[in-house]
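Survey of secondary and tertiary structure
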Amino acid sequence: MTPETSGDSHARIDALVKEKPVLLFMKGTPLVPQCGFSSRAVAILNHLGAEFDSVDVLQDQGIRQGIKAYSDWPTIPQLYVGGEFVGGSDIMMEMYESGELAELLGGEKADA
């Protein structure tokens, strides 16, 4: 990846993260996740009744590599809420189990 491509990816990721209130960078789509971790992340968000947007990193190699640098987090999926990096599927699961994720997403949306 060239510095220009890297900078372009960073700018696109930054714009997406700031534009979307709840954004999941994942492998595949919410209807057809392409890995178990992405599937689990979608299941958690769906169970909480969260409205979220997603980006399929498999469709854009610049985004796929760029998101790891953007967050300084080595794995996908990655969840952003209110422009802030929350974590991957393991952190999402821990936060879901403790009730923190429901709170972060705007209150109790599901009976946990």
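Our structure is the block above this text.
The sections below set out a description of the structure shown in this document. As the structure is a computational prediction, the values presented were derived from the model and not from experiment. (Residues numbered from 1 in each chain as written. Predicted model: local features only at pLDDT ≥ 70, side-chain atom pairs only at ≥ 80, totals over all residues. Heavy atoms only, no water.)

**Overview of the sheet that holds strand β2 (residues 53-56)**
Within the open sheet, the 4 strands sit side by side as β2-β1-β3-β4. Their pairing is mixed. Taken across any chain shown, the strands that pair with only one partner, and hence form the sheet edges, are β2 and β4 (84-87). Averaged over neighbouring strand pairs, the angle between their axes works out to 25° when direction is ignored. Looking at chain direction, strand β1 (residues 22-26) and β2 are connected through 4 bridges and run parallel. Looking at the pairing, Leu23 lines up with Asp53 of β2. (Pairing = 2+ DSSP bridges. Helix = DSSP H or I, 4+ residues; strand = E, 2+ residues; numbered from the N terminus. Axes fitted to C-alpha atoms, helices over the stretch in contact; angles between N-to-C directions.)

**Thoughts on helix α3 (residues 61-71)**
When we look at burial in α3, the residues that qualify are Gly62, Ile63, Gly66, Ile67 and Ser71. Relative to the axis of α3, the buried residues are bounded by an arc of 125° and lie together on one face. For α3, the N-terminal capping position is held by Asp60, with its side-chain oxygen 2.9 Å away from the main-chain nitrogen of Gly62. Where α3 ends, the next residue or the one after it, Asp72, has phi of about 60°, a positive value. (Buried < 20%, exposed > 50% of the residue type's maximum accessible area, 1.4 Å probe, protein only. Arc of directions from axis to C-beta. Polar contact = N/O pair within 3.5 Å; in protein donor to acceptor, adjacent residues only side chain to side chain.)

**Some thoughts on the environment of Val42**
Considering the arrangement of structural elements, one finds Val42 in helix α2 (residues 36-47). Exposure remark for Val42: the relative accessible area of 4% places this residue in the buried category. Each C-alpha atom, one on Val42 and one on Met26, is 8.9 Å from the other, the two residues being 16 residues apart in sequence. For Val42, the contacting residues outside a window of four places in its chain are Leu24, Met26, Pro30 and Phe52. (Contact = heavy atoms within 4.5 Å.)

**Digging into the side chain of Ser71**
Tracing the backbone through its elements, the reader meets Ser71 in helix α3. Judged by relative accessible area, Ser71 falls into the buried class, the value being 15%. One polar contact links the side chain of Ser71 to the main-chain amide nitrogen of Trp73, over a distance of 3.1 Å. Once residues lying within four places of it in the same chain are set aside, the contact partners of Ser71 are Gln78, Tyr80 and Phe85.

**Comments concerning the nonpolar core**
If you look at the biggest cluster of nonpolar residues, it comprises 19 residues, and the most contacted ones within it are Leu24, Leu45, Leu48, Leu79, Met92, Leu101 and Leu105. Looking at this core, the elements with two or more residues in it are β1, α2, β3 (78-81), α4 (89-98) and α5 (100-104). The residues contacting Leu45, other than those within four sequence positions of it, are Leu24, Ala50, Phe52, Leu79, Met92 and Leu105. Counting 10 residues, the second-largest nonpolar core is a separate cluster that includes Leu23, Phe25, Val57 and Ile76. (Core = buried A, V, L, I, M, F, W, Y, C linked by side-chain atoms within 4.5 Å.)

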